[in-house]
Amino acid sequence: MSSYDDQIAGYYNKLLQRNAGEPEFHQAVAEVLDSLKIVLNKDPHYNDYGLIERLCEPERQVIFRVPWVNDKNEVKVNRGFRVQFNSALGPYKGGLRFHPSVNLGIIKFLGFEQIFKNSLTGLPIGGGKGGSDFDPKGKSEQEIMRFCQSFMTELHRHIGEYRDVPAGDIGVGGREIGYLFGQFRRLTNQHESGVLTGKGLTWGGSLVRTEATGYGLVYLTEEMMEANGESIDGARVIVSGSGNVAIYAIEKAQELGATVVGFSDSSGWVHTPNGVDVALLKDVKEVRRGRVTDYVSEAEGAVFNPEGSIWDLEADVALPCATQNEIDGDHARKLVENGIKYVAEGANMPSTAEAIEVYRENKLHFAPGKAANAGGVATSALEMQQNASRDSWSFEYTDERLKKIMQGIFRNIDSTAAEYDHEGDFVVGANIAGFKKVADAMFAQGVI
């Protein structure tokens, strides 16, 4: 037992008492604190000035009601959130999630993860997150517009290009960002294009932003495989989900020579032994807003499975891109049985603590979401740069910058893990590398 185990346990127990009923937040903090024991034994000054306690407490939490009127002229009320967690490195940056599962604990977990993810990009952005328990599924365009306008009527008081810059997340795509930005512009009487990212290309958006999280995930996976003397070219890949991150991870993996043998959505999973028809998948999910069953009905060789799990497939690489805690210990053991050697997280915290232990015990190469899915926020920060300079970059230039950022993230977490005597443990590497940059900035700026 290290000399700091009891102290870290004390921090964590206090956090549990102050944040009851927020299991996802507890899980995210526990993982980071476990890595910080390693840091404190080598660099004990990080235990000074209440730094760890300050790091785990949001700078600001905003909760507000969102009343809106549906197409039946009925008034509905949802709850909105914005957690501004840490601004030591720059303005708060993190997406908005519209999903019925959203609550304060979910937003705090996402915002806490965002601190380290944003730090790893090397760009000057702090950590935050927001959203609502509103469900866009089944809503008309007019209902979604009215909800977004009501949501922004409160949120606009708390954001700005030098204060807090939201983006999209689950349930918030280009359509929702457009409605949100339109209302912001109306309320503030200014075209502050840097206040939101993920905008349309004709009014301040960035090329590659749509593809960024999925592409970045694959770029980091490629770097991780090459560091082990292997190539993604010829690899068999499984991808959970079929949303934005999954679609563009599938696209980039296949561009680099891999065969994606399966993907999924909430209704089931699809076996695609000959690879995925990406154009058809985009048409089904992005244009028609359909289900994977619609894809299967038109794709040659694809088989839909409403039962079981996509993790039952044999492959070399697993890219979980759906939601938090989708891989538990049993799923992780199945991945090992089915020959998976590499796991990289496209979603936020899709692997449980037990699953991560299974990866470690079986020496799987595992890249956690705070590193592997940082491409989205990295490209959002590049969009902020373009907005600030009133500039627009080509797809190729932006994509190349994204690739270099993701390569840099992997090399950083790899070298940091080795520096702290945990070579190959990229959870430790990501947590420590992300922490140290933020912690050093917090020290420099005093107790605030």
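From a predicted model like this one, the values you see are computed outputs, not experimental measurements.

### A few points about the UniProt feature "active site" (unreviewed entry) in the protein chain
Taken from the UniProt record, the annotation "active site" (unreviewed entry) applies to Lys 129. With respect to the helices, strands and loops of the structure, Lys 129 is situated in strand 4 (residues 126-132). Residue classification places Lys 129 among the buried positions, given a relative accessible area of 4%.

### Looking at the side chain of Arg 54
Along the chain, Arg 54 falls in helix 3 (residues 51-55). Among buried charged residues, Arg 54 stands out as having no salt bridge; its nearest opposite-charge side chain is Glu 59, 7.8 Å away. If we skip the residues at most four places from it in the chain, Arg 54 touches Tyr 49, Met 442, Gly 446, Val 447 and Ile 448.

### Observations regarding the packing of helix 14 (residues 375-389) against helix 15 (residues 395-419)
Running from N to C, helix 14 and helix 15 cross one another at 130 degrees; their axes reach a closest spacing of 10 Å. Classified by the angle their axes make, helix 14 and helix 15 are oblique. In this structure, the crossing between helix 14 and helix 15 has a hand that is right-handed. Residues Gly 375, Ala 378, Thr 379, Leu 382 and Gln 385 of helix 14 lie in contact with helix 15, whose contacting residues are Thr 398, Arg 401, Leu 402, Ile 405 and Met 406. Here the contact of helix 14 with helix 15 is built from residues that sort into 5 nonpolar, 4 polar and 1 charged.

### Notes on the nonpolar core
General note: in soluble globular proteins, nonpolar side chains tend to be found buried as a group. Counting residues in each nonpolar core, the largest one holds 62 residues, and the members touching the most others are Tyr 295, Leu 319 and Ile 409. At 8 residues, the largest contribution of residues to this core is made by helix 7 (residues 212-227). Setting aside chain neighbours within four positions, we find Leu 319 in contact with Leu 217, Val 218, Thr 221, Val 237, Ile 238, Val 239, Ser 240, Ala 249, Trp 311 and Ala 344. Counting residues in each nonpolar core, the second largest holds 41 residues, with Ala 28, Cys 56, Val 428 and Ala 439 among its members.

### Comments concerning the sheet that holds strand 3 (residues 92-98)
Remark on secondary structure: sheet strands pair via backbone hydrogen bonds, oriented parallel or antiparallel. An order of 1-2-4-3-5 is seen for the 5 strands of this open sheet, with the pairing classed as mixed. The strands lining the two open edges of the sheet, one partner per strand, are strand 1 (60-69) and strand 5 (164-167). Here the average twist between neighbouring strands, direction ignored, is 20 degrees. Examined bridge by bridge, strand 1 and strand 2 (residues 75-86) share 10 bridges and lie antiparallel to one another. Bridge assignment links Gln 61 to a residue of strand 2, and that residue is Val 83.

### What about the UniProt feature "site: Important for catalysis" (unreviewed entry) in the protein chain?
As recorded in UniProt, the sites labelled "site: Important for catalysis" (unreviewed entry) are Asp 169. By secondary structure assignment, the location of Asp 169 is in the loop between strand 5 and helix 6 (174-188). In this structure Asp 169 touches Gly 95, Leu 96, Arg 97, Lys 129 and Asn 348, once residues within four positions along its chain are discounted. A distance of 2.9 Å separates a polar atom in the side chain of Asp 169 from a polar atom in the side chain of Lys 129.

### So, helix 7
Along its 16 residues, helix 7 runs 22 Å from first to last C-alpha, staying within 8% of the 22 Å computed at 1.5 Å per residue. Counting buried positions along helix 7 yields 14 of 16 residues, so the element is predominantly enclosed. Looking one or two residues past helix 7, Gly 229 carries a phi angle of roughly 80 degrees, positive in sign.

### Quick look at the sheet that holds strand 6 (residues 236-240)
Across the sheet, which stays open at both edges, the 7 strands sit in the order 9-8-7-6-10-11-12 with mixed pairing between neighbours. Sheet topology places strand 9 (303-305) and strand 12 (365-367) at the edges, where each strand pairs with a single neighbour. Across this sheet, the average inter-strand angle for adjacent strands is 15 degrees, counted without regard to direction. In the sheet, strand 8 (residues 268-271) pairs with strand 9 via 3 bridges, with the strands oriented antiparallel.

Here is what the cut-offs are and how they apply
Residues numbered from 1 in each chain as written. Predicted model: local features only at pLDDT ≥ 70, side-chain atom pairs only at ≥ 80, totals over all residues. Heavy atoms only, no water. UniProt positions renumbered as here; feature names shortened; annotations may be inferred. Helix = DSSP H or I, 4+ residues; strand = E, 2+ residues; numbered from the N terminus. Buried < 20%, exposed > 50% of the residue type's maximum accessible area, 1.4 Å probe, protein only. Lys, Arg positive; Asp, Glu negative; His and termini not counted. Salt bridge = Lys/Arg side-chain N within 4 Å of Asp/Glu carboxyl O. Contact = heavy atoms within 4.5 Å. Axes fitted to C-alpha atoms, helices over the stretch in contact; angles between N-to-C directions. Parallel < 35°, antiparallel > 145°, perpendicular 65-115°, else oblique. Left-handed = near helix turned anticlockwise from the far one by under 90°. Nonpolar A, V, L, I, M, F, W, Y, C, P; charged D, E, K, R; others polar. Core = buried A, V, L, I, M, F, W, Y, C linked by side-chain atoms within 4.5 Å. Pairing = 2+ DSSP bridges. Polar contact = N/O pair within 3.5 Å; in protein donor to acceptor, adjacent residues only side chain to side chain. Expected span 1.5 Å × (residues − 1).

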